[in-house]
Amino acid sequence: MEIQGKLIMTQAIATQNQSSTATFKNLKCKECGAEYELQASHVCELCFGPLEVKYDYSNLRRTITRESIASGPNSIWRYRQFLPVASENPIDVGTGMTPLVRSQRLARRLGLKNLYIKNDAVNMPTLSFKDRVVSVALTRAKELGFTTVSCASTGNLANSTAAIAAHAGLDCCVFIPADLEAGKIMGSLIYNPTLMAVEGNYDQVNRLCSEVANTHGWGFVNINLRPYYSEGSKTLGFEVAEQLGWKLPDHIVAPLASGSLFTKIYKGFNEFVEVGLVEDKPVRFSGAQAEGCSPIAKAFKEGRDFIQPVKPNTIAKSIAIGNPADGIYATEIAKKTNGNIESVTDAEIIEGMKLLAETEGIFTETAGGTTVAVLKKLVEAGKIDPDETTVVYITGNGLKTQEAVQGYIGEPLTIEAKLDSFERALERSRTLERLEWQQILV
Ligand SMILES: *Cc1c(COP(=O)(O)O)cnc(C)c1O
Ligand SMILES: [Zn+2]
């Protein structure tokens, strides 16, 4: 594996590759406003605040149209001008433009009239929304001259990084907590990266990776490349606006791990308003966490302006971040948009997975189960109006977290290859169903 040169070197390359028509201009500290060159760094040297990509949209406002976007690639790269990459040929593995499904049966079950499901359980190539952020991060990593890419992952990010690095011909070393689901581990190994299974939770993995980033000079998509990586999540805002017919929804419900996705959907909506692609209107932002790892929900409910880190203990491993980097920004957005941040138990998460599958035919992972369960909880508490156009974000695929539902779903009826064996089994299952109904009714 090739070791990367010093960061100073990558700065020079960054400046070189920056074409004059690019809209992204610099990195800016979210806390103190200090500005930095477009290098591989994510913390402010003055106040340790997080850095974010800033754009100059003054030209774009005049040139961008709904038609020019709609005639672009059928992937996140139709929004290239809103993403922090300079190259004309970004890594395009068909990520994005996932279905926005108008919900019928789930909506009716919950008593909602205008519910939509943004289905990133079928995002390409690795069946989670992380393919969006990684497509952007690795395109930028190549521009900055990195030849080895890496990440600290709760599972899905390692899958995406390994797959897209393989596609782009980059060396790849990814880090995960050792206790992940089998599907998440295999979902990385198949692409033949170096996979480090760390004995510890995500927050410990992340701390280790920060040290490796400093000593090895690799491109860590969610550490030193984080400002670029996180911008990829804006496409989940852009797509929903475009798919709703160039309109913003009234209310969105999305899962929270680090809080990044949530804050970037917000940024994406605002950028579309800024350049005149959609009309401005209030959008309520509600977030979902698992009770076994809910530091953002707790801070929101207690009205705190700081996050109290927790030790995760939940089946929703992909969103189990005990010390979420963007947690406070997520609480601010939920508060100022009149939204909510709610948490649900592991049992409710399993029910959420089953509910979405049984009503809509979508098999989501534990993170999606969390989001559906929180949606239900918010509706029942009167915190979502039945008439609001509500979009629920399903961010990952259930085939990767099969352990979560094992024992909670039925079993196949094994029969002989004979008609009477089939008929007897069918009769038995119908009787069972009737008994179950009677039990529910009494
Ligand atoms: C990573 C992840 C999230 C949340 O990501 P953040 O941007 O860190 O909040 C949500 N759902 C799934 C399936 C994920 O893998
Ligand atoms: Zn700062």
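Use the structure listed above.
The sections below set out a description of the structure shown in this document.

Calculation rules
Residues numbered from 1 in each chain as written. Chains lettered and ligands numbered in written order. Predicted model: local features only at pLDDT ≥ 70, side-chain atom pairs only at ≥ 80, totals over all residues. Heavy atoms only, no water. Donors = N, O, S within 2.8 Å, 3.2 Å for Na, K, Ca; no water. Tetrahedral: all angles 85-135°; square planar, octahedral: opposite > 155°, others 65-115°. Helix = DSSP H or I, 4+ residues; strand = E, 2+ residues; numbered from the N terminus. Buried < 20%, exposed > 50% of the residue type's maximum accessible area, 1.4 Å probe, protein only. Pairing = 2+ DSSP bridges. Near = heavy atom within 4 Å. Polar contact = N/O pair within 3.5 Å; in protein donor to acceptor, adjacent residues only side chain to side chain. Areas by Shrake-Rupley, 256 points an atom, 1.4 Å probe, with all protein chains shown as cover. Nonpolar A, V, L, I, M, F, W, Y, C, P; charged D, E, K, R; others polar. Contact = heavy atoms within 4.5 Å. Axes fitted to C-alpha atoms, helices over the stretch in contact; angles between N-to-C directions.

**Brief notes about the coordination of the zinc ion (ligand 2)**
Line of reasoning, step 1. Distances from the zinc ion (ligand 2) to its protein donors, namely C29 (SG), C32 (SG), C44 (SG) and C47 (SG), fall within the range 2.3 Å.
Line of reasoning, step 2. Considering all 4 donor atoms around the zinc ion (ligand 2), angles at the metal cover 97 to 117° and the coordination shape is tetrahedral.
Line of reasoning, step 3. Between consecutive donors of the zinc ion (ligand 2), the numbers of intervening residues give the motif C-x2-C-x11-C-x2-C. Within this pair, whereas C29 is found in strand β1 (residues 24-29), its partner C44 is found in the loop between β2 (35-36) and β3 (51-55), the two being separated by 15 residues in sequence. Of the two residues examined, C29 and C44, each falls in the buried class.

**Notes on the pairing of strand β13 (residues 389-394)**
Line of reasoning, step 1. Along β13, 6 of the 6 residues are buried, which leaves the element largely enclosed by surrounding structure.
Line of reasoning, step 2. Both strand β10 (residues 251-255) and β13 contribute to a ladder of 3 bridges, which runs parallel. Note that in β13 the partner of H251 across the bridge is T390.

**Considering the site of ligand 1**
Line of reasoning, step 1. Contacts to ligand 1 come from 14 residues, most closely from K130, N156, S258, L261 and T395.
Line of reasoning, step 2. Note that an oxygen atom of ligand 1 is positioned 2.9 Å from one of the side-chain N or O atoms of N156.
Line of reasoning, step 3. Between an oxygen atom of ligand 1 and a main-chain N or O atom of G259, the distance comes to 3.0 Å.
Line of reasoning, step 4. Relative to its unbound accessible surface of 390 Å², ligand 1 loses 97% to contact with the protein.
Line of reasoning, step 5. Taken together, the residues of the shell around ligand 1 break down into 6 nonpolar, 6 polar and 2 charged.

**Digging into the side chain of N119**
Line of reasoning, step 1. Within the secondary structure, N119 sits in strand β5 (residues 114-119).
Line of reasoning, step 2. Look at N119 and you get buried, because its relative accessible area is 7%.
Line of reasoning, step 3. Dropping the residues within four chain positions of it, N119 is found in contact with T98, P99, I362 and I394.

**Some remarks on the sheet that holds strand β6 (residues 148-152)**
Line of reasoning, step 1. If you trace the 4 strands from one edge of the open sheet to the other, you get β8-β7-β6-β9, paired in parallel fashion. Two strands bound the open sheet, and with one partner strand each, they are β8 (194-198) and β9 (219-220).
Line of reasoning, step 2. Of the strand pairs in this sheet, β6 and β9 are connected by 2 bridges, and their pairing is parallel. Each bridged residue has a counterpart across the sheet, and for V149 the counterpart in β9 is G219.
Line of reasoning, step 3. Against the sheet, helix α6 (residues 156-168) makes contact with β6 and β7 (171-177), and its axis sits at roughly 170° relative to β6, the strand it touches most.

Honestly, that's just the spatial picture; any functional story needs more than this.
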